[in-house]
Amino acid sequence: MTGRQMAAAGSPVSFLVGWVNRVFANLERGLAGRDFVATKDFTVADILMTHVLSAGVKDDGLIAPYPGITAYRDRCLARPAWKRTIDAYFARVEAG
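Description of the structure in this document. (Residues numbered from 1 in each chain as written. Predicted model: local features only at pLDDT ≥ 70, side-chain atom pairs only at ≥ 80, totals over all residues. Heavy atoms only, no water.)

**Considering the nonpolar core**
So, point 1. Counting 14 residues, the largest nonpolar core has F24, L53, L62, I63, I69 and Y72 as its most contacted members.
So, point 2. Elements with a contribution of two residues or more to this core: α2 (14–31), α4 (60–63) and α5 (67–77).
So, point 3. Looking at which element gives the most residues to this core, the answer is α2, with five residues.
So, point 4. Once residues lying within four places of it in the same chain are set aside, the contact partners of F24 are L53, V57, L62, I63, Y66 and I69. (Core = buried A, V, L, I, M, F, W, Y, C linked by side-chain atoms within 4.5 Å. Buried < 20%, exposed > 50% of the residue type's maximum accessible area, 1.4 Å probe, protein only. Helix = DSSP H or I, 4+ residues; strand = E, 2+ residues; numbered from the N terminus. Contact = heavy atoms within 4.5 Å.)

Below you can see the structure in the form of structure tokens.
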């Protein structure tokens, strides 16, 4: 069952799904005509937001209604520096 279906069913997650949709609607409006969230350049704000959108949101059905957010997330994840940074992070974590 997706987050939207659970919300429609009146389950305990309905409040959280509603909250996510309000936040995503605001983010979608904020990204209109912009490539990044804080400035015209890629910043740490984009790293944090992309991490939340890619690792924190487990139900792609929550993001699907927001094409601007989807494009933003995919654009950030496609950056070569993103992959290098994630690879370096995992190498440090695995090294202990």
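**Regarding the packing of aromatic side chains**
So, point 1. For the structure shown, the criterion picks out three aromatic pairs.
So, point 2. A ring pair is formed by F24 and Y66, whose centres lie 5.7 Å apart and whose planes are at 75°; its orientation type is edge-to-face. Of this pair, F24 sits in helix α2 while Y66 sits in the loop between α4 and α5, placing them 42 residues apart in sequence.
So, point 3. Its end group placed over the ring of F42, R79 keeps NZ or CZ at 4.0 Å from the ring centre. (Phe/Tyr/Trp six-rings, centres within 6.5 Å; stacked < 30°, edge-to-face > 60°. Lys NZ or Arg CZ within 6 Å of the ring centre and 35° of its normal.)

**A look at the packing of α2 against α5**
So, point 1. Between α2 and α5, the shortest axis-to-axis distance is 8 Å and the interhelical angle comes to 70°. With respect to α5, the axis of α2 lies roughly perpendicular. Contacts from F24, L27, E28 and L31 of α2 reach α5 at P67, G68, I69 and Y72.
So, point 2. Grouping the amino acids of the contact of α2 with α5 by side-chain chemistry returns six nonpolar, one polar and one charged. (Axes fitted to C-alpha atoms, helices over the stretch in contact; angles between N-to-C directions. Parallel < 35°, antiparallel > 145°, perpendicular 65-115°, else oblique. Nonpolar A, V, L, I, M, F, W, Y, C, P; charged D, E, K, R; others polar.)

**Section: α2**
So, point 1. For α2, built from 18 residues, the straight-helix expectation of 26 Å at 1.5 Å per residue is met to within 8% by its first-to-last C-alpha distance of 25 Å.
So, point 2. Where α2 is concerned, the buried positions are V17, V20, N21, F24, L27 and L31. Projected down its long axis, α2 carries its buried residues within an arc of 130°, all on one side. Looking at α2, the residues exposed on the side facing more than 90 degrees away from the buried face are F15 and R29.
So, point 3. Of the residues flanking the end of α2, it is G33, one or two places downstream, whose phi is positive at about 75°. (Expected span 1.5 Å × (residues − 1). Arc of directions from axis to C-beta.)

Note that every value here comes from positions in space, so none of it alone points to a role or purpose.
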